[in-house]
Amino acid sequence: MPVAVGQALTTASISWLLNKLGTKDVLDFVVKWKLNDQLLIDLKMRLLTINAVLNHADEKQIDDENVKNWLDEVNFAVYDAEDLLEEISLDASDSKNGMNQVRNSIYNALHVSDSTKESIEFKISDTIDTLNPFSVHIESMLQSMIERLDAIVKQKDVLNFREDVGGKSLVIYDRPPTTPLVNRFDHVYGRNNDREKIIELLTHEESTDDRIRVIPVVGMGGIGKTTLARIVFDHEKIRGHFEMKAWACVSDEFDVMRITKTLVESATKKACDLNNLELLQEKLVENLKTKFLLVLDDVWNEKPG
């Protein structure tokens, strides 16, 4: 029977996986081959759920053979998940090299000169995008991994593990609140098209349209949703278009009172000492009688487990 690996090592491996899910190699691979990014979100949620009970499982394994076996299953699954993400990273690198080889072969076969390469580059990219040798394999492997982790998550409930709220296992949940302030020393690349599309949606005028427009920016954690929102929020076109702007960080613990108060303070740029929800809402409505933009950042619609 396999010997259970220490909880600290398992936690470190899960932390590595969670960080790897947000790396450029993995995200570029998903975008390039048009994979279902929900699979990566699902994988992340399962890992977070398992991570939350590792401390208690480590304590119980001393007296419970079933718990020791559960930890073994966790370790084996984590190792296989590491291999899968490494495969994605390698395939991402290989696919870039492969595309360059295909491009060069096409250029050589057609005797294309350097001066005309740029004009046909996008057509070659479209052709290569249809040659997708990885997506079916990787999506199948991701789905299998999620199903495997689902089974492990169900077993944790049977074993009555306690979630380590406030302990090291849940440190990843402790996200600091976000603000609209842009770090002037940061340089963001590759989001110009997304920025312009959102600005166009926000500033597009329809004389008979007085409805509230909601523009969702969705995706797995770490891909730059908050950064993109900050850039749009601070853009000169947005500053000139809206008479009132406010920003609130929602986070996964939804608190109407806190969010409303944050929006009021963001809109007025003044501290608010009101602690009555009705009065806060009335105060917010007063500031929404003009053309306004509200950003609700860090909104979650899915819980681990």
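See above for the structure.
Bear in mind that the values here come from a model prediction, so they are computed numbers and not experimental data.

1. Re unusual backbone geometry
The phi dihedral of Lys 269 falls on the positive side, at around 60 degrees, and the residue is not glycine. Residue placement: Lys 269 occurs in the loop between helix H11 (256–268) and helix H12 (277–287). A positive phi angle, close to 60 degrees, is found at Asp 298, a residue other than glycine. Looking at where Asp 298 falls in the secondary structure, it is placed in the segment after strand E2 (292–297).

2. Remarks on the packing of aromatic side chains
Applying the stated rule across the entire model yields two aromatic pairs. Taking the centre distance of 5.6 Å and the plane angle of 85 degrees together, the rings of Phe 233 and Trp 247 count as edge-to-face. One end of the pair, Phe 233, is in helix H9 (residues 225–233); the other, Trp 247, is in strand E1 (residues 244–249), and 14 residues separate them in sequence. As far as burial versus exposure is concerned, Phe 233 and Trp 247 are alike and both buried. Residue placement shows Lys 245 over the ring face of Phe 233; its charged tip is 4.1 Å from the ring centre.

3. Regarding the nonpolar core
Counting residues in each nonpolar core, the largest one holds 39 residues, and the members touching the most others are Leu 43, Leu 47, Ile 50, Trp 70 and Leu 149. Counting only elements with at least two residues in this core, the list comes to helix H1 (7–20), helix H2 (24–32), helix H3 (38–51), helix H4 (54–60), helix H5 (65–110) and helix H7 (135–158). Per element, the largest residue contribution to this core is ten residues, and it comes from H5. Ignoring sequence-local partners within four residues, the contact set of Ile 50 consists of Ile 14, Trp 70, Val 74, Leu 149, Ile 152 and Val 153. Residues Ile 199, Leu 202, Phe 233 and Trp 247 belong to the second largest nonpolar core, which totals twelve residues.

Reading the values: the criteria
- Residues numbered from 1 in each chain as written.
- Predicted model: local features only at pLDDT ≥ 70, side-chain atom pairs only at ≥ 80, totals over all residues.
- Heavy atoms only, no water.
- Helix = DSSP H or I, 4+ residues; strand = E, 2+ residues; numbered from the N terminus.
- Phe/Tyr/Trp six-rings, centres within 6.5 Å; stacked < 30°, edge-to-face > 60°.
- Buried < 20%, exposed > 50% of the residue type's maximum accessible area, 1.4 Å probe, protein only.
- Lys NZ or Arg CZ within 6 Å of the ring centre and 35° of its normal.
- Core = buried A, V, L, I, M, F, W, Y, C linked by side-chain atoms within 4.5 Å.
- Contact = heavy atoms within 4.5 Å.

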